[in-house]
Amino acid sequence: MRYAVNNSKEYFSLSPIDNIGDVLSYWRFSTLLDVEESSIVLEDIPKSETRFDVVYRNLIAGGIAGAVSRTFTAPFDRLKTVMQALGSRKQIAIFGGFKYMLQEGGVTSLWRGNGMNVIKIAPEVALKFTFYEEMKILFINDKNREANILERFLSGSIAGGLAQSFIYPLEFLLLSCSKLVWFCVKQESIQAS
């Protein structure tokens, strides 16, 4: 059967659409791609995802969300650091801080140090998002309803605690490495004097 616009019009005019899955199922199994002299039936897409696929998708989505959000807020985080560093020497306002950063290193200076922040925050947000979704599934017995406020609160609390339990050793290692680098730089400067 060749796919034609009329076929879908006839099908959907006679059959009510209850959910989008019906539309996709009809399209998937009734589509024939006609390329010159040969016809190809589009391959079937598996209908059900495995548990691993869902967890993997949540990890990737959470990691990307964390990286993007940290990248968008990086100039403000850097401004906070600059204002803390310069605040003891001179009074600096928000626009003055941005002006100082732009004069210091141009537009790219607004994102200085963002790579390390993304490396730190992406796994944390990925784990929080994944644990949150898994805890919601654990709390909800009926798959046809949304989680109520208490279930969401408990899911978020447990997810935050679990994610922090996994991330804290990495943050401790990062802090230890930065202290070691700072100590080595300080020793080099003392020996150079």
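Residues numbered from 1 in each chain as written. Predicted model: local features only at pLDDT ≥ 70, side-chain atom pairs only at ≥ 80, totals over all residues. Heavy atoms only, no water.

Caption draft 1: Main features of the environment of R112. Mapped onto the elements of the fold, R112 is located in the loop between α4 (94–105) and α5 (114–139). You can call R112 partly exposed: its relative accessible area is 45%. Note: C-alpha distance between R112 and A74 (38 residues apart in sequence) is 8.2 Å. (Helix = DSSP H or I, 4+ residues; strand = E, 2+ residues; numbered from the N terminus. Buried < 20%, exposed > 50% of the residue type's maximum accessible area, 1.4 Å probe, protein only.)

Caption draft 2: Examining the confidence of the model for the chain more closely. On average, residues of the chain carry a pLDDT of 77, and 72% of them reach 70 or more. Within the chain, no element has a lower average pLDDT than strand β2 (residues 38–41), which sits at 53, and none a higher one than α5, at 89. (pLDDT = per-residue confidence, 0-100.)

Caption draft 3: Inspection of the pattern of salt bridges at higher detail. By the definition in use, this model includes 7 salt bridges. We note a salt bridge from E104 to R78, for which the minimum N-O separation is 3.0 Å. Separated by 26 residues along the polypeptide, E104 in helix α4 and R78 in helix α3 (residues 51–87) bring together distant segments of the chain. Given a relative accessible area of 40%, E104 falls into the partly exposed group. Residue classification places R78 among the buried residues on the basis of a relative accessible area of 14%. K136 is paired through a salt bridge with E133; the nearest N and O atoms lie 3.8 Å apart. Here K136 pairs with E133, and both are found in helix α5, just 3 residues apart, close to one helical turn. The network of salt bridges with shared partners includes R70, D77 and K80. (Salt bridge = Lys/Arg side-chain N within 4 Å of Asp/Glu carboxyl O.)

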